[in-house]
Amino acid sequence: MKVTANARFAIKSWEEKPYSEGEGLPKLTRATVTKALTGEISGEGQVEYLMMYRPDGTASFIGFERVTGAFGGRSGSFVLQRSGVFEDGQAKERYHVVPGSATGDLVGLKGEGSTSVGHGMEHPFTLDYELD
């Protein structure tokens, strides 16, 4: 049976650098991001995003995030695979727990979620999950 955990995340750091760009080409960047999670999921997230920016300012991105913390009375870590787009001032993203990535009391975790957030420092985070 799936359960929903609701939390919030705040961006603690965001370091983004281009790794490929040129006139008439979409800019490719890599961002290293650290997040603090509070609420029903508490802990820290470390994510690496690869992003492609179009000339109109929209972007597509993918990433992997290791979340280390606690929820549902258990602690450990797990990895989220993320993908999304940035358009109309919103980052629209889908994510899921990578099978076999959970550690500690979270071994066997399965889950997924989606979000749409604007610029700012704190955002909602929801994970619909099952835990054996």
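Residues numbered from 1 in each chain as written. Predicted model: local features only at pLDDT ≥ 70, side-chain atom pairs only at ≥ 80, totals over all residues. Heavy atoms only, no water.

**Q** What am I meant to see in unusual backbone geometry here?
**A** The phi angle of most residues is negative, glycine excepted, and most peptide bonds adopt the trans form. The backbone of Asp88 shows a phi angle near 55°, a positive value even though the residue is not glycine. Secondary-structure assignment places Asp88 in the loop between strand E5 (74-87) and strand E6 (90-97). (Helix = DSSP H or I, 4+ residues; strand = E, 2+ residues; numbered from the N terminus.)

**Q** How should the nonpolar core be read in this particular structure?
**A** The nonpolar side chains of soluble globular proteins are, as a tendency, buried together. Residues Ile41, Phe71, Phe78, Leu80, Phe125 and Leu127 are the most contacted members of the largest nonpolar core, which totals 26 residues. The contact partners of Ile41, leaving out residues within four places of it in the chain, are Ala5, Asn6, Ala7, Ala70, Phe71, Phe125 and Leu127. (Core = buried A, V, L, I, M, F, W, Y, C linked by side-chain atoms within 4.5 Å. Buried < 20%, exposed > 50% of the residue type's maximum accessible area, 1.4 Å probe, protein only. Contact = heavy atoms within 4.5 Å.)

**Q** Whenever I open this one, the pairing of strand E2 (residues 27-39) confuses me. Can you help?
**A** Each regular strand displays side chains that alternate between the two surfaces of the sheet. In this structure, strand E1 (residues 3-20) lies alongside E2, joined through 12 bridges in antiparallel fashion. By the bridge assignment for E2, Ala10 is matched with Ala36. Following E1, the chain reverses through 6 residues before pairing antiparallel with E2; Gly24 in that reversal takes a positive phi of roughly 80°. Inspection of the sheet shows E2 paired to strand E3 (residues 41-53) by 11 bridges, in the antiparallel sense. Bridging across to E3, Ala31 finds its partner in Tyr49. Count of turn residues in the E2/E3 antiparallel hairpin: 1 residue. (Pairing = 2+ DSSP bridges.)

**Q** Whenever I open this one, a nonpolar patch on the surface confuses me. Can you help?
**A** Side chains of Tyr19, Leu50 and Ile62 sit close together on the surface and give an oily, nonpolar patch of about 300 Å² of accessible area. Following the sequence through the fold, Ile62 ends up in strand E4 (residues 59-71). Given the relative accessible area of 48%, Ile62 is considered partly exposed. (Patch = residues over 30% accessible without salt bridge, like charges linked within 9 Å, V, L, I, M, F, W, Y side chains within 5 Å. Areas by Shrake-Rupley, 256 points an atom, 1.4 Å probe, with all protein chains shown as cover. Salt bridge = Lys/Arg side-chain N within 4 Å of Asp/Glu carboxyl O.)

Take it as geometry only, folks, not as evidence of what the structure does.
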